[in-house]
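Descriptive structure summary
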Amino acid sequence: MVLNPFDDGPVDGGMQSTAKILVAGGFGVGKTTLVGSISEIRPLRTEEPLSDRSVGVDDTHGVRAKSTTTVAMDFGRISFPSKLVLYLFGTPGQERFWFMWDDLAIGAVGAVVMADTRRVADCFASIDYFERNGTPFIIAVNCFDGAPRFEPHDIRIALTLGPEVPIVLCDARERDSVKNVLVSLVRYVMSTRNRSRATSALNYP
Amino acid sequence: MNSRDGDAERWLDREAGPVVRPYAVTKGRTLPSGGAWFGLIDIVVQTGERTSQDFRLGPEHRWILSLCRRPITVVDLTSEVDLPVGVVRVLLGDLSDAGMVRIIPAQEEPEPDQRLLRMVLDGLESL
(Lines give C-alpha, C1' and ligand atoms only; values in the text may rest on other atoms or scores of the structure.)
Protein backbone atom coordinates (compact mmCIF):
# COMPACT_ATOMS: atom_id res chain seq x y z
CA MET A 1 0.00 0.00 0.00
CA VAL A 2 1.43 3.32 -1.03
CA LEU A 3 1.08 6.02 1.56
CA ASN A 4 -1.15 8.75 0.30
CA PRO A 5 0.36 12.13 1.27
CA PHE A 6 -3.12 13.57 1.71
CA ASP A 7 -4.24 10.96 4.25
CA ASP A 8 -3.87 13.38 7.13
CA GLY A 9 -5.46 16.27 5.32
CA PRO A 10 -9.04 17.44 5.26
CA VAL A 11 -11.38 15.24 3.27
CA ASP A 12 -12.28 18.03 0.87
CA GLY A 13 -8.64 18.47 -0.10
CA GLY A 14 -9.16 22.18 -0.56
CA MET A 15 -5.99 23.10 1.25
CA GLN A 16 -3.61 21.02 -0.85
CA SER A 17 -1.39 22.15 -3.67
CA THR A 18 0.50 19.96 -6.07
CA ALA A 19 3.36 20.76 -8.42
CA LYS A 20 5.55 18.73 -10.72
CA ILE A 21 9.07 18.80 -12.08
CA LEU A 22 10.16 16.64 -15.00
CA VAL A 23 13.42 14.74 -15.11
CA ALA A 24 14.51 13.92 -18.64
CA GLY A 25 17.55 12.47 -20.34
CA GLY A 26 18.82 9.45 -22.17
CA PHE A 27 18.57 5.85 -21.09
CA GLY A 28 20.72 5.05 -18.05
CA VAL A 29 21.69 8.65 -17.32
CA GLY A 30 20.45 8.39 -13.73
CA LYS A 31 16.90 9.78 -13.84
CA THR A 32 15.48 7.21 -11.45
CA THR A 33 18.53 7.54 -9.19
CA LEU A 34 18.06 11.30 -9.01
CA VAL A 35 14.36 10.98 -8.23
CA GLY A 36 15.07 8.27 -5.65
CA SER A 37 17.70 10.36 -3.84
CA ILE A 38 15.22 13.01 -2.79
CA SER A 39 11.83 11.31 -2.96
CA GLU A 40 10.07 10.31 0.25
CA ILE A 41 8.90 7.15 -1.49
CA ARG A 42 10.86 4.65 -3.52
CA PRO A 43 10.31 5.77 -7.11
CA LEU A 44 7.12 4.20 -8.35
CA ARG A 45 6.57 3.04 -11.86
CA THR A 46 3.45 3.24 -13.91
CA GLU A 47 3.35 1.71 -17.34
CA GLU A 48 1.47 2.90 -20.33
CA PRO A 49 0.81 0.86 -23.46
CA LEU A 50 2.18 2.64 -26.51
CA SER A 51 -0.56 4.21 -28.55
CA ASP A 52 -0.87 3.78 -32.33
CA ARG A 53 0.70 7.20 -32.76
CA SER A 54 3.92 6.08 -31.19
CA VAL A 55 3.95 2.54 -32.51
CA GLY A 56 3.87 3.99 -36.01
CA VAL A 57 7.34 5.45 -35.73
CA ASP A 58 8.79 2.41 -34.03
CA ASP A 59 10.29 -0.45 -35.90
CA THR A 60 8.06 -3.18 -34.60
CA HIS A 61 9.23 -5.82 -37.06
CA GLY A 62 10.19 -9.20 -35.77
CA VAL A 63 10.83 -10.39 -32.27
CA ARG A 64 11.56 -7.03 -30.66
CA ALA A 65 8.01 -5.85 -31.17
CA LYS A 66 6.92 -7.16 -27.80
CA SER A 67 9.40 -5.03 -25.89
CA THR A 68 8.01 -1.79 -27.32
CA THR A 69 4.40 -2.20 -26.23
CA THR A 70 4.68 -0.33 -22.96
CA VAL A 71 6.61 2.65 -21.72
CA ALA A 72 7.45 3.16 -18.09
CA MET A 73 7.24 6.39 -16.19
CA ASP A 74 8.92 6.66 -12.81
CA PHE A 75 7.81 9.16 -10.27
CA GLY A 76 8.73 10.27 -6.80
CA ARG A 77 7.19 12.62 -4.31
CA ILE A 78 8.17 15.19 -1.68
CA SER A 79 5.56 16.49 0.79
CA PHE A 80 6.26 19.83 2.41
CA PRO A 81 4.80 21.15 5.67
CA SER A 82 3.15 23.93 3.65
CA LYS A 83 0.74 21.26 2.35
CA LEU A 84 2.47 21.31 -0.99
CA VAL A 85 3.28 18.01 -2.61
CA LEU A 86 5.96 18.08 -5.29
CA TYR A 87 6.06 15.26 -7.82
CA LEU A 88 9.14 14.36 -9.81
CA PHE A 89 8.55 12.52 -13.06
CA GLY A 90 11.29 10.70 -14.89
CA THR A 91 10.55 9.30 -18.29
CA PRO A 92 12.55 8.29 -21.34
CA GLY A 93 13.63 11.17 -23.57
CA GLN A 94 13.30 9.47 -26.93
CA GLU A 95 11.11 11.13 -29.51
CA ARG A 96 8.70 8.27 -29.72
CA PHE A 97 7.59 8.92 -26.15
CA TRP A 98 6.65 12.50 -26.75
CA PHE A 99 2.95 11.74 -26.54
CA MET A 100 3.65 11.20 -22.84
CA TRP A 101 5.72 14.34 -22.55
CA ASP A 102 2.80 16.51 -23.66
CA ASP A 103 0.81 15.14 -20.78
CA LEU A 104 3.67 15.63 -18.34
CA ALA A 105 4.73 19.09 -19.48
CA ILE A 106 1.37 20.81 -19.02
CA GLY A 107 1.50 22.83 -15.83
CA ALA A 108 5.01 21.64 -14.94
CA VAL A 109 7.29 23.96 -12.99
CA GLY A 110 10.09 23.05 -15.39
CA ALA A 111 12.43 20.27 -16.36
CA VAL A 112 15.83 18.92 -15.43
CA VAL A 113 17.63 17.49 -18.45
CA MET A 114 20.27 15.06 -17.24
CA ALA A 115 23.42 14.71 -19.26
CA ASP A 116 26.22 12.16 -19.20
CA THR A 117 29.47 13.58 -20.57
CA ARG A 118 30.23 10.23 -22.24
CA ARG A 119 26.99 10.37 -24.24
CA VAL A 120 26.07 14.02 -24.53
CA ALA A 121 23.96 13.48 -27.67
CA ASP A 122 21.47 11.42 -25.64
CA CYS A 123 19.88 14.54 -24.23
CA PHE A 124 19.41 16.37 -27.55
CA ALA A 125 15.88 15.03 -28.02
CA SER A 126 14.77 16.25 -24.58
CA ILE A 127 16.32 19.70 -25.11
CA ASP A 128 14.60 19.97 -28.50
CA TYR A 129 11.28 19.09 -26.99
CA PHE A 130 11.44 21.56 -24.11
CA GLU A 131 12.71 24.37 -26.34
CA ARG A 132 9.83 23.86 -28.76
CA ASN A 133 7.30 23.45 -25.99
CA GLY A 134 8.50 26.52 -24.08
CA THR A 135 9.11 24.50 -20.91
CA PRO A 136 11.96 26.08 -18.91
CA PHE A 137 14.76 23.61 -18.25
CA ILE A 138 18.25 23.38 -16.82
CA ILE A 139 21.01 20.88 -17.55
CA ALA A 140 22.22 18.64 -14.74
CA VAL A 141 25.46 16.90 -15.61
CA ASN A 142 25.57 13.66 -13.69
CA CYS A 143 29.20 13.23 -12.72
CA PHE A 144 29.72 9.51 -13.08
CA ASP A 145 32.85 8.05 -11.56
CA GLY A 146 35.48 7.77 -14.26
CA ALA A 147 33.60 9.86 -16.80
CA PRO A 148 35.55 12.75 -18.32
CA ARG A 149 35.00 16.03 -16.50
CA PHE A 150 34.23 19.08 -18.58
CA GLU A 151 33.71 22.69 -17.69
CA PRO A 152 30.09 23.91 -17.97
CA HIS A 153 31.35 26.20 -20.73
CA ASP A 154 32.38 23.21 -22.88
CA ILE A 155 29.12 21.43 -22.20
CA ARG A 156 27.20 24.53 -23.23
CA ILE A 157 29.00 24.53 -26.57
CA ALA A 158 28.49 20.79 -27.05
CA LEU A 159 24.76 21.18 -26.44
CA THR A 160 24.52 24.49 -28.39
CA LEU A 161 22.72 26.10 -25.47
CA GLY A 162 22.13 29.78 -25.03
CA PRO A 163 23.99 31.58 -22.21
CA GLU A 164 20.86 31.80 -20.06
CA VAL A 165 20.30 28.06 -19.51
CA PRO A 166 21.92 27.03 -16.20
CA ILE A 167 24.25 24.04 -16.22
CA VAL A 168 24.69 22.33 -12.86
CA LEU A 169 27.13 19.55 -12.04
CA CYS A 170 25.60 16.95 -9.77
CA ASP A 171 25.83 13.52 -8.26
CA ALA A 172 22.41 11.95 -8.67
CA ARG A 173 23.07 9.67 -5.68
CA GLU A 174 23.53 12.56 -3.25
CA ARG A 175 20.44 14.11 -1.76
CA ASP A 176 22.02 17.53 -1.21
CA SER A 177 23.33 17.58 -4.74
CA VAL A 178 19.86 16.77 -6.12
CA LYS A 179 18.33 19.41 -3.87
CA ASN A 180 20.78 21.93 -5.34
CA VAL A 181 19.71 20.93 -8.88
CA LEU A 182 16.03 21.39 -8.10
CA VAL A 183 16.59 24.71 -6.30
CA SER A 184 18.59 25.95 -9.30
CA LEU A 185 15.73 24.99 -11.61
CA VAL A 186 13.06 26.75 -9.57
CA ARG A 187 15.17 29.90 -9.19
CA TYR A 188 15.79 29.91 -12.93
CA VAL A 189 12.07 29.46 -13.68
CA MET A 190 11.18 32.31 -11.33
CA SER A 191 13.68 34.61 -13.02
CA THR A 192 12.52 33.73 -16.56
CA ARG A 193 8.87 34.23 -15.65
CA ASN A 194 9.70 37.63 -14.16
CA ARG A 195 11.68 38.57 -17.23
CA SER A 196 8.99 37.49 -19.69
CA ARG A 197 6.40 39.40 -17.72
CA ALA A 198 8.60 42.50 -17.82
CA THR A 199 9.01 42.07 -21.59
CA SER A 200 5.31 41.67 -22.25
CA ALA A 201 4.60 44.70 -20.06
CA LEU A 202 7.02 46.61 -22.24
CA ASN A 203 5.35 45.49 -25.45
CA TYR A 204 1.80 46.00 -24.29
CA PRO A 205 1.77 48.98 -21.96
CA MET B 1 -14.17 -12.71 -17.35
CA ASN B 2 -17.41 -11.23 -16.19
CA SER B 3 -16.68 -7.78 -14.80
CA ARG B 4 -20.05 -7.66 -13.05
CA ASP B 5 -19.13 -10.63 -10.97
CA GLY B 6 -18.27 -9.44 -7.49
CA ASP B 7 -15.67 -12.17 -7.18
CA ALA B 8 -13.83 -10.90 -10.22
CA GLU B 9 -11.83 -8.49 -8.11
CA ARG B 10 -9.61 -11.16 -6.65
CA TRP B 11 -8.45 -12.16 -10.12
CA LEU B 12 -6.99 -8.72 -10.62
CA ASP B 13 -4.56 -8.47 -7.76
CA ARG B 14 -0.92 -7.73 -8.43
CA GLU B 15 0.24 -11.29 -7.89
CA ALA B 16 -2.09 -12.64 -10.54
CA GLY B 17 -0.80 -10.16 -13.12
CA PRO B 18 -3.05 -8.77 -15.81
CA VAL B 19 -5.84 -11.19 -16.61
CA VAL B 20 -7.28 -9.05 -19.36
CA ARG B 21 -5.67 -6.57 -21.71
CA PRO B 22 -5.59 -3.13 -20.03
CA TYR B 23 -8.25 -1.37 -22.08
CA ALA B 24 -10.67 -4.30 -21.80
CA VAL B 25 -11.75 -2.95 -18.40
CA THR B 26 -12.83 0.26 -20.15
CA LYS B 27 -14.62 -1.74 -22.85
CA GLY B 28 -12.13 -0.43 -25.36
CA ARG B 29 -12.60 3.24 -24.57
CA THR B 30 -9.37 5.21 -24.52
CA LEU B 31 -10.72 8.65 -23.59
CA PRO B 32 -12.88 9.63 -20.62
CA SER B 33 -16.50 10.35 -21.46
CA GLY B 34 -18.05 13.70 -20.69
CA GLY B 35 -14.96 15.68 -21.70
CA ALA B 36 -13.46 15.59 -18.21
CA TRP B 37 -9.67 15.68 -18.14
CA PHE B 38 -7.61 14.28 -15.33
CA GLY B 39 -4.11 15.71 -15.08
CA LEU B 40 -1.50 13.51 -13.44
CA ILE B 41 -1.24 15.69 -10.34
CA ASP B 42 -4.89 16.71 -10.19
CA ILE B 43 -6.53 15.54 -6.99
CA VAL B 44 -9.64 13.36 -7.06
CA VAL B 45 -11.95 12.69 -4.14
CA GLN B 46 -15.21 10.86 -3.50
CA THR B 47 -18.29 13.04 -3.28
CA GLY B 48 -20.20 10.49 -1.22
CA GLU B 49 -22.85 10.29 -3.93
CA ARG B 50 -24.49 6.88 -4.30
CA THR B 51 -24.46 5.05 -7.61
CA SER B 52 -27.47 5.70 -9.81
CA GLN B 53 -29.67 3.00 -11.33
CA ASP B 54 -28.33 3.33 -14.86
CA PHE B 55 -24.65 3.20 -13.95
CA ARG B 56 -23.21 -0.15 -13.07
CA LEU B 57 -19.92 -0.07 -11.19
CA GLY B 58 -17.31 -2.56 -12.30
CA PRO B 59 -14.79 -3.94 -9.80
CA GLU B 60 -12.16 -1.46 -11.00
CA HIS B 61 -14.60 1.42 -10.49
CA ARG B 62 -15.22 0.24 -6.94
CA TRP B 63 -11.53 -0.12 -6.29
CA ILE B 64 -10.76 3.37 -7.55
CA LEU B 65 -13.69 4.79 -5.64
CA SER B 66 -12.51 3.22 -2.39
CA LEU B 67 -9.07 4.81 -2.90
CA CYS B 68 -10.69 8.22 -3.43
CA ARG B 69 -12.19 8.23 0.05
CA ARG B 70 -9.40 10.65 0.88
CA PRO B 71 -8.09 13.13 -1.69
CA ILE B 72 -5.50 11.43 -3.87
CA THR B 73 -3.64 12.51 -6.99
CA VAL B 74 -4.33 10.73 -10.26
CA VAL B 75 -0.75 9.52 -10.45
CA ASP B 76 -0.75 8.07 -6.92
CA LEU B 77 -4.08 6.42 -7.67
CA THR B 78 -2.71 4.99 -10.90
CA SER B 79 0.29 3.43 -9.26
CA GLU B 80 -1.92 2.04 -6.51
CA VAL B 81 -4.32 0.24 -8.85
CA ASP B 82 -1.47 -0.72 -11.18
CA LEU B 83 -3.43 0.05 -14.34
CA PRO B 84 -2.25 2.33 -17.17
CA VAL B 85 -3.03 5.97 -16.51
CA GLY B 86 -5.18 6.06 -19.67
CA VAL B 87 -7.40 3.33 -18.24
CA VAL B 88 -7.65 5.07 -14.87
CA ARG B 89 -8.70 8.29 -16.61
CA VAL B 90 -11.54 6.55 -18.43
CA LEU B 91 -12.76 4.93 -15.22
CA LEU B 92 -12.49 8.24 -13.34
CA GLY B 93 -14.48 9.84 -16.16
CA ASP B 94 -17.28 7.34 -15.56
CA LEU B 95 -17.24 8.06 -11.82
CA SER B 96 -17.15 11.80 -12.41
CA ASP B 97 -20.07 11.57 -14.86
CA ALA B 98 -22.03 9.69 -12.23
CA GLY B 99 -21.21 12.45 -9.73
CA MET B 100 -19.30 10.07 -7.50
CA VAL B 101 -15.89 11.74 -7.67
CA ARG B 102 -14.83 15.34 -7.91
CA ILE B 103 -11.67 16.70 -9.51
CA ILE B 104 -9.58 19.37 -7.81
CA PRO B 105 -7.33 20.62 -10.62
CA ALA B 106 -3.68 21.13 -9.70
CA GLN B 107 -3.69 24.50 -11.33
CA GLU B 108 -6.01 26.20 -13.76
CA GLU B 109 -3.27 27.89 -15.73
CA PRO B 110 -0.84 26.07 -18.02
CA GLU B 111 2.12 27.59 -16.15
CA PRO B 112 2.56 27.63 -12.38
CA ASP B 113 2.22 31.09 -10.86
CA GLN B 114 4.84 32.86 -8.74
CA ARG B 115 3.09 31.95 -5.51
CA LEU B 116 3.33 28.23 -6.27
CA LEU B 117 6.93 28.61 -7.46
CA ARG B 118 7.78 30.36 -4.21
CA MET B 119 6.18 27.51 -2.24
CA VAL B 120 8.23 24.97 -4.18
CA LEU B 121 11.43 26.93 -3.67
CA ASP B 122 10.85 27.46 0.05
CA GLY B 123 10.00 23.79 0.45
CA LEU B 124 13.09 22.59 -1.36
CA GLU B 125 15.40 24.97 0.47
CA SER B 126 14.10 23.80 3.83
CA LEU B 127 15.00 20.17 3.08
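Above this text sits the structure in question.
Read on for a plain summary of the structure. Worth saying up front: this structure is predicted, and the values here are computed from it rather than measured.

Once that is clear, we can look at the overall build of chain B. Helices and strands together make up the secondary structure of chain B, namely 4 helices and 3 strands. Its helices and strands in sequence order give chain B the pattern β-α-β-α-α-β-α, from N to C terminus. By the burial criterion, 35% of the 127 residues in chain B qualify as buried. Taking contacts inside chain B between residues at least 6 apart in sequence as the whole, the part at least 24 apart equals 75%.

For the rest of this paragraph, the subject is the interface of chain B and chain A. How big an interface is tends to be stated in terms of accessible area lost as the parts join. Each partner contributes to the interface: chain B provides 33 residues, whereas chain A provides 36 residues. Going through the elements one at a time, strand 1 (43-46), strand 2 (72-73), helix 2 (74-81), helix 3 (85-97) and helix 4 (114-125) of chain B are the ones with two or more residues in the side of chain B that touches chain A. In terms of residue count, helix 4 of chain B provides more of the side of chain B that touches chain A than any other element does, 9 residues in total.

By secondary structure assignment, the location of B:K27 is in the segment before strand 1. In this structure, the C-alpha to C-alpha distance between B:K27 and B:I72, residues 45 residues apart in sequence, is 25 Å.

A few words on the packing of helix 1 (residues 59-67) of chain B against helix 3 of chain B. Residue and element names in this part refer to chain B. Direction vectors running N to C along helix 1 and helix 3 enclose 80°, while the axes themselves pass 10 Å from each other. The angle between helix 1 and helix 3 falls in the class roughly perpendicular. Listed contacts from helix 3 to E60, H61, I64 and L65 of helix 1 are V88, L91, L92, D94 and L95.

For the rest of this paragraph, the subject is the sheet that holds strand 1 of chain B. Residue and element names in this part refer to chain B. Pairing is antiparallel across the open sheet formed by 3 strands, whose spatial order is 2-1-3. Each edge of the open sheet carries a strand with a single partner, namely strand 2 and strand 3 (101-104). Relative to strand 3, strand 1 is paired through 4 bridges, and the arrangement is antiparallel. Its bridge partner lying in strand 3, Q46 is registered against V101.

Cut-offs and rules
- Residues numbered from 1 in each chain as written.
- Chains lettered and ligands numbered in written order.
- Predicted model: local features only at pLDDT ≥ 70, side-chain atom pairs only at ≥ 80, totals over all residues.
- Helix = DSSP H or I, 4+ residues; strand = E, 2+ residues; numbered from the N terminus.
- Buried ≥ 20, exposed ≤ 12 C-beta atoms within 10 Å, placed from the backbone.
- Contact = placed C-beta atoms within 7 Å.
- Axes fitted to C-alpha atoms, helices over the stretch in contact; angles between N-to-C directions.
- Parallel < 35°, antiparallel > 145°, perpendicular 65-115°, else oblique.
- Pairing = 2+ DSSP bridges.

Take it as geometry only, folks, not as evidence of what the structure does.
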